[in-house]
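Here's the letter readout for the chains.
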Amino acid sequence: MSALTTTPDGFLLHGAPLRIISGALHYFRVHPDHWPDRLRKARLMGLNTVETYIPWNLHQPEPGTLVLDGLLDLPRFLRLAATEGLHVLLRPGPYICAEWDGGGLPHWLTADPGIRPRSSDPRFTDAVDRYLDLLLPPLLPHMAASGGPVIAVQVENEYGAYGDDTAYLKHLEAALRTRGVEELLFTCDQADPEHLAKGSLPGVLATGTFGSRIDRSLARLREHQPQGPLMCSEFWIGWFDHWGGPHHGRDAADAAADLDRLLSAGASVNIYMFHGGTNFGFTNGANHHHTYAPTVTSYDYDAPLTEHGDPGPKYHAFREVIARHAPVPDEPVPAPARKLPPVTVELTHRRPLLASVPAKAVPAPVDPLSADALGRRAGYVLYRTTLPTEGPGLLHFTGGVGDRAQLFVDGAPVGVLERERQEETLPVRVPRAGAELHVLVENMGRVNYGPRIGTPKGLLGPVTFDGTPLHGWDCHPLTLDAPPPLPFAPDLAPRSAEPAFHHGTFEVGTPADTFLSLPGWTKGQAWINGFHLGRYWNRGPQRTLYVPAPVLRPGTNDLVLLELHGTTATRAHLTDTPDLGPAPH
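Numbering of residues starts from 1 in every chain and runs along the sequence as written. Under the rules for a predicted model, residues below a pLDDT of 70 receive no local features and side-chain atom pairs below 80 are neither given nor counted, while totals for whole chains, interfaces and linings still include all residues. Computation of side-chain values: all heavy atoms of the structure, hydrogens and water removed.

(A) Up close: the overall build of the protein chain. Looking only at helices and strands, one finds 11 helices and 34 strands in the protein chain. All radius of gyration figures rest on C-alpha atoms, and the globule criterion is 2.2 Å times the number of residues raised to 0.38. Here the C-alpha radius of gyration of the protein chain, 25 Å, is about what a compact globule of 585 residues would show, namely 25 Å. Burial here depends on accessible area, computed with a 1.4 Å probe over protein chains only, as a share of the maximum for the residue type. Under 20% is buried, over 50% is exposed, and the range in between is partly exposed. Of all 585 residues assigned to the protein chain, the portion counted as buried reaches 59%. Method for areas: the Shrake-Rupley scheme with a 1.4 Å probe, in which residue coverage is limited to the protein chains shown. Looking at the protein chain as shown, the accessible area adds up to about 21,300 Å², and 55% of this sits on carbon and sulfur atoms. Neither His nor the chain ends is counted toward charge; the positive residues are Lys and Arg and the negative residues Asp and Glu. In plain terms, the charge of a residue is placed at NZ if it is Lys, CZ if Arg, CG if Asp and CD if Glu. Charge-centre separation for the protein chain: the mean point of 49 positive side chains lies 1 Å from the mean point of 63 negative side chains. The numbering of helices and of strands both runs from the N terminus, where a helix is a DSSP run of H or I of at least 4 residues and a strand a run of E of at least 2.

Okay, structure coming up:
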């Protein structure tokens with residue numbers, strides 16, 4: 001029996017009235033050593049609940065597997081939430097959006113061009129069922145029915161904006177129930193009559209997602225659902241950023257006023273986000289409406305708790321609002337965490353990328369294979385073939401590239417093609433017949449919203465040079481979850497424009513949070529002590545990468561950069577101040 005039940009206008013938990021005052025906190029975007037700190041700060045702001053998605057693609061990187069350790073140790077996160085006295089809303093999808101790579105759907109599933117994701121296509125629902133068979137048993141002890149913190153579980157995610165396959169939603173509902181989930185189930189959709197109608201299920205609580213027009217949004221939710229709790233399951237109080245776009249924010253007083261309107265109306269709320277965190281490694285998603293737009297590494301979201309876990313203006317403003325409607329702990333607001341004193345890192349060694357690629361390749365006798373055909377969720381693919389004739393000509397990539405290709409002829413850079421700019425053709429001059437063509441293709445993040453989920457990566461079709469097909473490709477998948485092992489050679493040569501790994505060391509006394517600043521560097525990846533901080537790009541708006549204190553160690557620390565373009569810089573900087581772009585107006 002569900003511990004959380006509904007009345008005509010609210011919730012009861014074990015028979016006692018409960019107003020859910022929740023905040024989104026994605027465990028997979030926060031270093032595990034910081035989970036206790038972030039959960040404590042949620043409670044101290046006045047939250048009684050935290051919400052998290054569950055990213056299927058990371059928990060099940062291959063069919064039949066389940067990863068539940070490190071950053072993905074969800075049972076530990078749930079235990080810590082319970083220890084802090086917080087309830088939990090679980091949102092297992094299977095689709096989560098979340099500006100997350102592929103919306104959380106596994107690449108090995110969406111790579112099948114015939115599959116219909118987020119539908120009652122049995123190829124999709126069978127894969128969901130096999131995943132839930134593995135995922136749910138370790139989570140059931142943490143459900144409220146078993147004395148745990150999880151009081152409600154979401155079915156799908158904003159499905160009304162995508163489809164109208166009610167049989168699919170009913171399948172998910174049954175899949176959760178038959179595997180032992182007794183808790184209250186809910187759906188969430190934008191507060192639009194059509195979305196609510198298509199995304200809801202009889203007997204399942206419908207909730208809304210919106211960030212403004214509170215009265216109108218609640219009225220639409222009530223029109224759709226005449227009885228039951230009113231709940232905003234995503235109260236948008238900030239936004240995310242794309243590379244090359246503006247840095248987003250929302251005025252704290254404006255967001256706090258709308259939060260007050262929600263709570264004054266008697267509604268429950270989940271603040272999206274309470275703490276955004278970071279798209280570490282290769283986990284950011286992308287949008288593709290008119291053009292492809294990848295999301296930056298930071299997921300700060302202008303949230304009450306900043307990316308690095310310090311209370312921001314919204315934290316104080318929201319705490320004051322919540323205190324008007326519910327008890328807030330009589331404890332001081334947490335102070336900002338200590339930051340590492342500024343450090344300059346000399347990058348003294350380098351290793352060219354093209355020379356680091358193993359000789360063994362996946363052969364493609366005719367056309368190059370996509371990254372999906374090579375079984376790669378993320379990272380890079382290096383393609384190699386030869387050009388038949390010398391002289392000027394046009395390289396044409398049928399279908400374009402996914403998502404950004406750097407081209408080299410006999411090791412010399414000759415240009416870049418970007419999916420974002422819908423580029424497929426590049427003029428080049430070939431120095432000799434038989435010259436080597438290398439194409440380094442970067443996956444910038446899989447689309448997380450809309451009909452383009454599952455769009456492939458890598459080279460996406462045949463390649464020609466002045467109309468002549470180029471065949472006989474060597475395909476090298478470069479996962480690069482970790483930097484290559486040493487040796488790096490001393491960097492004595494003049495800087496070149498070739499992609500290369502750069503290595504340096506720096507000393508730390510007592511580890512503390514810091515921010516990696518890379519003036520003079522162009523684009524690439526960064527690792528500290530093997531921990532993948534994520535992508536940097538001087539296109540902005542983000543100009544620093546967050547380095548969590550637990551990544552550092554007392555004594556000597558390692559920094560590795562994969563710089564994809566030329567740089568005259570020989571240094572990196574660890575600073576005590578983040579820079580996510582110009583302050584939003």
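Next comes the rest of the description.
(B) Summary view of the pattern of salt bridges. For this document, the term salt bridge refers to a Lys or Arg side-chain nitrogen within 4 Å of an Asp or Glu carboxyl oxygen. Overall, the coordinates contain 35 salt bridges when judged by the stated rule. Of the charged contacts, one joins Glu-194 and Lys-198 as a salt bridge, the two residues approaching to 3.6 Å between their closest N and O atoms. Of the two residues, Glu-194 and Lys-198 both sit in helix H7 (residues 193-199), 4 residues apart, roughly one turn of that helix. Its relative accessible area of 25% is what places Lys-198 among the partly exposed residues. Across the pair Asp-410 and Arg-432 runs a salt bridge whose closest N-O atoms are separated by 3.0 Å. Separated by 22 residues along the polypeptide, Asp-410 in the loop between strand E19 (404-409) and strand E20 (412-418) and Arg-432 in the loop between strand E21 (425-430) and strand E22 (435-442) bring together distant segments of the chain. A relative accessible area of 35% places Asp-410 in the partly exposed class. Relative accessible area serves as the criterion here: at 40%, Arg-432 is assigned to the partly exposed category. Members of the salt-bridge network, linked through shared partners, are Arg-404, Glu-418, Glu-420, Arg-421 and Arg-539.

(C) How the structure looks around helix H8 (residues 214-224). Among all positions in H8, only Ile-214, Ser-217, Leu-218 and Leu-221 are buried. Each buried residue of H8 sits inside an arc of 95 degrees when the element is viewed along its axis, so together they form one side. Along H8, exposed side chains directed more than 90 degrees from the buried face belong to Asp-215 and Glu-223. Lining the buried residues of H8 we find H7, strand E9 (205-210), strand E10 (231-236) and helix H9 (252-264). By definition, the arc is the one covered by directions from the helix axis to the C-beta atoms. Throughout, a contact is declared for two residues whenever any of their heavy atoms are within 4.5 Å.

(D) Seen up close, the pairing of strand E28 (residues 500-508). Extensive coverage of E28 is indicated by the burial of 7 of its 9 residues. Any two strands with at least two DSSP bridges between them are considered paired. The pairing of E28 with strand E33 (residues 555-563) spans 9 bridges and is antiparallel. Across the sheet, the residue bridging to Phe-506 is Asn-557, located in E33.

(E) Highlighting the packing of helix H1 (residues 35-45) against helix H3 (residues 74-83). Structural elements are reduced to axes, namely lines fitted to C-alpha atoms, with helices fitted over the stretch in contact, and the angle between N-to-C directions of any two is expressed from 0 to 180 degrees. At a minimum axis distance of 10 Å, the contact between H1 and H3 shows a crossing angle of 40 degrees. In this view, H1 runs oblique relative to H3, as classed from their interaxial angle. Regarding H1 and H3, the two cross each other, and that crossing is right-handed. Mapping the contact onto sequence places Trp-35, Pro-36 and Leu-39 in H1 and Arg-76, Phe-77, Leu-80 and Ala-81 in H3. What sets the label is the angle itself: under 35 degrees gives roughly parallel, over 145 gives roughly antiparallel, 65 to 115 gives roughly perpendicular, and the rest give oblique. A clockwise turn of the near helix away from the far one marks a right-handed crossing, whereas an anticlockwise turn of less than a right angle marks a left-handed crossing.

(F) Highlighting the environment of Leu-4. Structurally, Leu-4 is set in strand E1 (residues 4-6). Judged by relative accessible area, Leu-4 falls into the buried class, the value being 1%. Residues Leu-4 and Val-150, 146 residues apart in the sequence, show an inter-C-alpha distance of 9.6 Å. When near neighbours in sequence (up to four residues on either side) are disregarded, Leu-4 contacts Phe-11, Leu-12, Leu-13, Leu-18, Ile-20, Ile-151, Ala-152 and Leu-184.

(G) Representation of the packing of aromatic side chains within the structure. Only Phe, Tyr and Trp rings take part, Trp by its six-membered ring, and two of them pair if their centres are within 6.5 Å. Stacked means planes under 30 degrees apart, edge-to-face means over 60, and tilted covers everything else. Here the structure, examined in full by the defined rule, presents 23 aromatic pairs. Here the aromatic rings of Trp-243 and Trp-537 are separated by 5.9 Å at their centres, their planes lie at 55 degrees, and the arrangement is tilted. One end of the pair, Trp-243, is in the loop between E10 and H9; the other, Trp-537, is in strand E31 (residues 531-537), and 294 residues separate them in sequence. According to the relative accessible area criterion, Trp-537 is buried, its value standing at 7%.

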